[in-house]
Amino acid sequence: MEKKIRARIIGTGSYTPPRRMINADFEKIVDTSDEWIVSRTGIRERRIADDDMTTSDMAVQAVQRALEMARCTHEDIDALIVGTVTPDYKVPSTACVIQEKMGMPNAVAFDNLAACAGFLNGLSIARSFIECGVYRKIVVVGVEKLSSITNYKDRNTCVLFGDAAGAAVVAPDDSGAGILSTFMKSAGSLRELLWIPVGGTRNPYSRENALNGSDKLRMSGSDVFKVAVREMCTSALKVVDDAGLERKDIALVVPHQANIRIIDALTKRLGVGSDKVYVNIDMYGNTSSASVPLALDEANRSGRIKPGDHVVMVAFGGGLIWGSALVRW
Ligand code: ACO
């Protein structure tokens, strides 16, 4: 019988800028406290890129590390898919900038805008390309310079976000390992729960708008929280079910790192032990599309993931949009 070709992650990489911003730093700029931030979010510090470091600069570091682990050359890459809401430019895509910086002459490069779900959206697209035989070696990236769209006068949001990049190399495999199932869904009717109102064609950028912070991220945190818990749980269970597996088969859950209370609620609803859920939100905060590949790379490099393990990745973000993937490692 012909063996099924699956898309398999053969390398991961990540990058975080060296500059740390700890909770005490926020006590100096907004009315907040370390106690509030830790107890309500789980975040203790986050990384902030220097002004002259762009989104693509961070991505290049993460992609290089993923390529090295995958033992791929730049010429091997057929497609580069980048999830980001903080592109270097409006045009061209950040993927094209990364392609030029790294020299990937044989690749098609494009961005997808799915906020915190950007990496999983890209992984889902890569899976389809590989299973259809369109491309063989694909790099999927999640990268954000969220500090560039954060309003540091708004205590509701500024304490949450950080900068980072994560990447994975995906290739065809017929050994039985690879991506077994993926799921994506969105609810555009809820778009104003998490958005940047100004700067597009609906409300073009103006000096007045910039003064009241409308060109930065706004979020109705508690509304987003409820949808995030519900849909991340449903999405995670769906890919387990679609793969013909059960909850007990899950070796590791790699969730989007938005809030430790969301992760704890997800853990409880999934009925898995907390030792089976990867958490690094304390060190990096919410890095949007970089969050899942950064956590995946840490888990991979630290030996938390073993060959044959079933790993569930799940994310949720502005759109609203959410999704999941189940990988047999
Ligand atoms: N320090 C002190 N007090 C604060 C702070 C702060 N940094 N931020 C908010 N508060 C206050 C509020 O003003 C409010 O005060 P009030 O009762 O006097 O009005 C009180 O704390 C409670 O505010 P809530 O918003 O109800 O607090 P909540 O417990 O919901 O926590 C949070 C807020 C952390 C934002 C949480 O709702 C959350 O994590 N939401 C989900 C975020 C998420 O998943 N985002 C998706 C991905 S992000 C992306 O796509 C880029």
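Just so it is clear, the model here is predicted, and its values are computed rather than measured.

**Quick look at the packing of helix H8 (residues 221-242) against helix H9 (residues 260-270)**
Thought 1: Running from N to C, H8 and H9 point in directions that differ by 40 degrees, and their axes come no closer than 9 Å. By the angle class used here, H8 and H9 are oblique. In this structure, H8 meets H9 at a crossing whose hand is right-handed. Of the residues in H9, those in contact with Phe 225, Ala 228, Val 229, Arg 230, Met 232, Cys 233, Ala 236 and Leu 237 of H8 are Arg 261, Ile 262, Ala 265, Leu 266, Arg 269 and Leu 270.

**What to know about the side chain of Asn 23**
Thought 1: Here Asn 23 is to be found in helix H1 (residues 23-27).
Thought 2: Owing to a relative accessible area of 1%, Asn 23 belongs among the buried residues under this scheme.
Thought 3: Looking at Asn 23, its side chain comes within polar contact range of the side chain of Arg 46, at 2.9 Å.

**As for the sheet that holds strand S1 (residues 6-15)**
Thought 1: Reading across from one edge, S1-S7-S6-S4-S5 is the order of the 5 strands in this open sheet, with mixed pairing throughout. Strands with a single pairing partner mark the edges of an open sheet, and in this sheet they are S1 and strand S5 (108-112). Taken pair by pair, the neighbouring strands of this sheet meet at an average axis angle of 20 degrees, ignoring direction.
Thought 2: By the bridge criterion, 5 bridges tie strand S4 (residues 79-83) to S5 in an arrangement that is parallel. Each residue of the ladder has a partner; that of Val 82, found in S5, is Asp 111.
Thought 3: Where helix H3 (residues 55-70) meets the sheet, its contacts fall on S1, strand S6 (138-145) and strand S7 (163-173), and the angle it forms with S1 comes to roughly 125 degrees.
Thought 4: The strands touched by helix H5 (residues 118-132) within the sheet are S1, S4, S5, S6 and S7, with S6 carrying the most contacts at an inclination of about 170 degrees.

**What to know about the nonpolar core**
Thought 1: Formed by 45 residues in total, the largest nonpolar core has its most connected members in Phe 26, Val 253, Leu 270, Val 312, Phe 316, Leu 320 and Leu 326.
Thought 2: Domain assignment of the residues forming this core places at least three in each of domain 1 (6-175) and domain 2 (180-328).
Thought 3: Residues in contact with Val 253, not counting those within four places in the same chain, are Leu 270, Val 272, Lys 276, Val 277, Tyr 278, Val 312 and Val 314.
Thought 4: Ranked by size, the runner-up nonpolar core spans 31 residues in total, among them Ala 114, Ile 138, Leu 252 and Val 254.

**Some thoughts on H3**
Thought 1: If you check H3, its first and last C-alpha atoms are 23 Å apart, about what 16 residues at 1.5 Å a residue would give, namely 22 Å.
Thought 2: Residues of H3 that are buried sit in contact with S1, helix H4 (94-102), S6 and S7.
Thought 3: In the stretch just after H3, Arg 71 is the one whose phi turns positive, near 55 degrees.

**What about the domain arrangement of the chain?**
Interface size is commonly expressed as the accessible area that is lost once the parts come together.
Thought 1: The domains assigned to the chain are domain 1 (6-175) and domain 2 (180-328).
Thought 2: A C-alpha centroid distance of 14 Å is found between domain 1 and domain 2.
Thought 3: Across the domain 1 to domain 2 interface the summed buried area is about 3,800 Å²; carbon plus sulfur atoms make up 61%.
Thought 4: Of all residues in domain 1, Cys 116, Leu 120 and Ile 149 bury the most surface against domain 2, accounting for 17% of the area lost on that side.
Thought 5: In this assembly, domain 1 and domain 2 are joined by 0 salt bridges.
Thought 6: Linking domain 1 with domain 2 are 25 residue pairs in polar contact (both at pLDDT 80 or more).

**What about the pairing of S7?**
Thought 1: Across the 11 residues of S7, 10 count as buried, placing the element largely inside the fold.
Thought 2: Looking at chain direction, S1 and S7 are connected through 9 bridges and run antiparallel. For Gly 11, the partnering residue across the bridge sits in S7 and is Val 169.
Thought 3: As defined by bridge partners, S6 adjoins S7 across 8 bridges and the pair is classed as antiparallel. In the sheet register, Val 143 faces S7, and the bridge partner there is Ala 165.

**So, the sheet that holds strand S8 (residues 178-186)**
Thought 1: Pairing in this open sheet of 4 strands is mixed, and the strands run S8-S13-S12-S11 from one edge to the other. Across the chains shown, the open sheet's two edge strands, defined by having one partner strand only, are S8 and strand S11 (252-255). Across the sheet, the mean angle separating the axes of adjacent strands is 10 degrees when strand polarity is ignored.
Thought 2: As paired strands, S11 and strand S12 (residues 310-317) are joined by 4 bridges and run parallel to one another. Bridge pairing in S12 places Pro 255 opposite Val 314.
Thought 3: The strands touched by H5 within the sheet are S8, S12 and strand S13 (321-328), with S8 carrying the most contacts at an inclination of about 125 degrees.
Thought 4: Helix H11 (residues 291-301) contacts S11 and S12 of the sheet and is inclined by roughly 145 degrees relative to S11.

What counts and how
Residues numbered from 1 in each chain as written. Predicted model: local features only at pLDDT ≥ 70, side-chain atom pairs only at ≥ 80, totals over all residues. Heavy atoms only, no water. Axes fitted to C-alpha atoms, helices over the stretch in contact; angles between N-to-C directions. Helix = DSSP H or I, 4+ residues; strand = E, 2+ residues; numbered from the N terminus. Parallel < 35°, antiparallel > 145°, perpendicular 65-115°, else oblique. Left-handed = near helix turned anticlockwise from the far one by under 90°. Contact = heavy atoms within 4.5 Å. Buried < 20%, exposed > 50% of the residue type's maximum accessible area, 1.4 Å probe, protein only. Polar contact = N/O pair within 3.5 Å; in protein donor to acceptor, adjacent residues only side chain to side chain. Pairing = 2+ DSSP bridges. Core = buried A, V, L, I, M, F, W, Y, C linked by side-chain atoms within 4.5 Å. Domains from an automatic or database assignment. Expected span 1.5 Å × (residues − 1). Buried area = accessible area lost by both parts, 1.4 Å probe. Salt bridge = Lys/Arg side-chain N within 4 Å of Asp/Glu carboxyl O.

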